[in-house]
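Structural characterization, general
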Amino acid sequence: MILFKHISDLQKHLQKLKAENKTIGFVPTMGALHQGHLSLIKQAQQKCDIVVCSIFVNPTQFNNSEDFNKYPSTIDKDIYLLETNRCDILFLPSEKEIYPDGEELKQPYDLGFIETILEGEFRPGHFQGVCQVVDRLLNIIHPDFICMGQKDFQQIMVVQKMIELKHHPVKMIIGETLREASGLASSSRNIRLSDNEKEKAAAIYKSLLYIKENITKTSFGEIKQHASEILMNSGFRKIDYIEICDAKTLTPLIKYNSSTQIIVLIAAYMGDIRLIDNMLMN
Ligand code: AMP
């Protein structure tokens with residue numbers, strides 16, 4: 001694996017590969033890598049000749065500075081994991097390299113309804129920051145494919161919208177959510193949970209399964225009420241949302257309709273750690 005810290009060096013190398021007609025797959029991350037990230041690298045490897053992974057903890061997508069300051073960093077282990085998983089290139093830029101003119105976003109992205117709900121509602125500005133960094137990284141790397149996880153379902157929809165708005169010639173590969181044996185979705189933030197909290201946090205998965213089993217049988221109001229009891233009785237401190245939505249538009253739904261693809265999304269706090277997860281219902 002080759003590690004690049006500077007855009008100019010990375011671009012010189014990528015130009016050579018592109019001249020050889022190699023296809024480039026790109027996996028953007030914020031590091032503290034886990035099996036979920038590695039599964040995206042594997043999917044990109046299946047589709048592309050060369051896989052570029054970036055590690056950059058993007059300050060502009062954090063609406064809470066404490067969350068940013070406490071974001072886990074395990075860079076030596078990350079490099080080891082990428083090497084042993086045969087990733088070709090790691091791009092590890094500084095903040096100055098990504099935002100040479102400062103972090104301020106000159107022109108907000110017109111994301112519409114999608115950034116007003118769920119994560120958009122609870123983390124104002126978050127998706128503008130996500131678009132800002134992914135747009136910048138796409139302009140640096142110009143990959144053929146970008147590989148992102150279903151774990152951040154709304155983020156995928158937002159990035160797809162940004163790709164359309166900015167006419168990036170890149171295709172999206174969506175990776176399934178990797179889970180621990182308990183069902184807890186792998187996440188960099190899990191590092192900050194104690195073993196006991198991790199065990200309790202698997203209740204998010206259990207409540208998603210409960211909803212999936214009962215979605216055709218019970219009213220959405222009752223189902224959400226029961227799912228929130230599962231979470232609170234398992235030790236979650238606070239629930240931001242449990243929402244049943246149309247998977248194409250993320251519009252909240254009030255009753256079951258077999259012709260609509262349905263997704264359930266949850267965000268809740270285990271102690272100070274905010275966890276999100278989702279599951280397609282049909
Ligand atoms: P992050 O480092 O959290 O910004 O995530 C980088 C990429 O990994 C994003 O596309 C995430 O959706 C994806 N990802 C995070 N957790 C998982 C998981 N458990 N399974 C699959 N992909 C994931």
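To be clear, the structure that these remarks concern was listed above.
In this text, all values refer to a predicted model and were calculated from it rather than measured experimentally.

Evaluation of the coordinates by the stated rule reveals 1 cavity of 30 Å³ or more. The calculated volume of the largest cavity comes to roughly 50 Å³. In terms of residue count, strand β9 (residues 273-280) provides more of the lining of the largest cavity than any other element does, 3 residues in total. Its residues placed into classes, the lining of the largest cavity shows 5 nonpolar, 2 polar and 2 charged.

As a further point, take the sheet that holds strand β3 (residues 50-55). If you walk across this open sheet you meet the 6 strands as β1-β4-β3-β2-β5-β6, and the pairing is parallel. Only two strands of the sheet have a single neighbouring strand rather than two, namely β1 (2-4) and β6 (171-175). Taken over all neighbouring pairs, the strand axes of this sheet differ in orientation by 25° on average, direction set aside. As defined by bridge partners, β1 adjoins strand β4 (residues 89-91) across 3 bridges and the pair is classed as parallel. Pairing of F4 across the sheet is with F91, part of β4. Its contacts with the sheet put helix α4 (residues 75-84) on β1, β3 and β4, and the angle it makes with β3 is roughly 170°. Lying on the sheet, helix α8 (residues 153-165) is in contact with β5 (145-149) and β6; it crosses β5 at an angle near 155°.

This next bit is on the side chain of Q150. If you trace the backbone, Q150 turns up in the loop between β5 and α8. Side-chain polar atoms of Q150 contact the side chain of N278, separated by 2.8 Å. Beyond its immediate stretch of four places on either side in the chain, Q150 contacts I156, I174, G175, T177, I263, N278 and L280.

Glancing now at the layout of surface pockets. Volume-wise, the second largest pocket comes out at about 310 Å³. Along the wall of the second largest pocket there are 17 residues; nearest its centre are E104, L105, K106, Q132 and R136. Broken down by element, the residue count for the lining of the second largest pocket peaks at 4 residues, all from helix α7 (residues 126-141). Looking at the lining of the second largest pocket, its residues break down into 6 nonpolar, 4 polar and 7 charged.

Relative to the assigned elements, I79 resides in helix α4. Each residue touching I79, except ones within four places of it in the same chain, is listed here: M1, L3 and L90.

In the neighbourhood of the ligand, 16 residues make up the surrounding shell, with M30, H37, D152, L178 and S186 lying closest. Residue M30 places a main-chain N or O atom 2.9 Å away from an oxygen atom belonging to the ligand. The contact in question runs from a nitrogen atom of the ligand to an N or O atom on the backbone of L178, over 2.8 Å. Summarising the interface, the protein chains cover 92% of the accessible area of the ligand, which totals 490 Å² for the free molecule. Of all elements in the fold, only β2 (24-29), α2 (35-47) and β5 reach the threshold of two or more residues within the shell around the ligand. Ranked by residues supplied to the shell around the ligand, first place goes to α2 with 3 residues. A breakdown of the residues in the shell around the ligand according to their chemical character gives 6 nonpolar, 7 polar and 3 charged.

Quick look at the packing of aromatic side chains now. Taken as a whole, this structure holds 4 aromatic pairs when the rule is applied. A ring pair is formed by F122 and Y241, whose centres lie 5.8 Å apart and whose planes are at 40°; its orientation type is tilted. A residue pair is termed long-range when its members are at least 10 positions apart, and F122 in helix α6 (residues 119-122) and Y241 in strand β7 (residues 238-246) qualify at 119 residues. Taken together, F62, F68 and Y71 form an aromatic cluster joined through their ring pairs.

To characterise two packed helices, one gives the angle between the axes of the helices and the distance between these axes. It is the contact of helix α1 (residues 7-19) with α7, at a shortest axis distance of 9 Å, that shows an interaxial angle of 55°. Looking at the two axes, α1 sits oblique to α7. Facing α1, whose interface residues are I7, L10, Q11, L14 and K18, α7 presents R136, N139, I140 and I141. Among the residues forming the contact of α1 with α7, the class breakdown is 5 nonpolar, 2 polar and 2 charged.

Our focus in this paragraph is α1. With 13 residues, α1 extends 18 Å between its outermost C-alpha atoms, agreeing within 8% with the 18 Å of an ideal straight helix rising 1.5 Å per residue. When α1 is considered as a whole, its buried residues turn out to be I7, L10, H13, L14 and L17. Here the buried residues of α1 occupy an arc of 135° about the axis, which is enough to place them on one side. Those residues of α1 that are exposed and aimed more than 90 degrees away from the buried face are K12, Q15, K16 and A19. Of the surrounding secondary structure, the elements contacted by the buried residues of α1 are β1, β2, β3, β4, α5 (95-98) and α7. Of the residues trailing α1, N21 is marked for its positive phi of about 65°.

Conventions used here
- Residues numbered from 1 in each chain as written.
- Predicted model: local features only at pLDDT ≥ 70, side-chain atom pairs only at ≥ 80, totals over all residues.
- Heavy atoms only, no water.
- 1 Å grid on protein atoms, 1.4 Å probe; cavity = no way out; pocket = protein on both sides within 12 Å on 5 of 7 lines; lining within 4 Å.
- Points joined across faces, edges and corners; volume = space filled by probe spheres on them.
- Helix = DSSP H or I, 4+ residues; strand = E, 2+ residues; numbered from the N terminus.
- Nonpolar A, V, L, I, M, F, W, Y, C, P; charged D, E, K, R; others polar.
- Pairing = 2+ DSSP bridges.
- Axes fitted to C-alpha atoms, helices over the stretch in contact; angles between N-to-C directions.
- Contact = heavy atoms within 4.5 Å.
- Polar contact = N/O pair within 3.5 Å; in protein donor to acceptor, adjacent residues only side chain to side chain.
- Near = heavy atom within 4 Å.
- Areas by Shrake-Rupley, 256 points an atom, 1.4 Å probe, with all protein chains shown as cover.
- Phe/Tyr/Trp six-rings, centres within 6.5 Å; stacked < 30°, edge-to-face > 60°.
- Parallel < 35°, antiparallel > 145°, perpendicular 65-115°, else oblique.
- Expected span 1.5 Å × (residues − 1).
- Buried < 20%, exposed > 50% of the residue type's maximum accessible area, 1.4 Å probe, protein only.
- Arc of directions from axis to C-beta.

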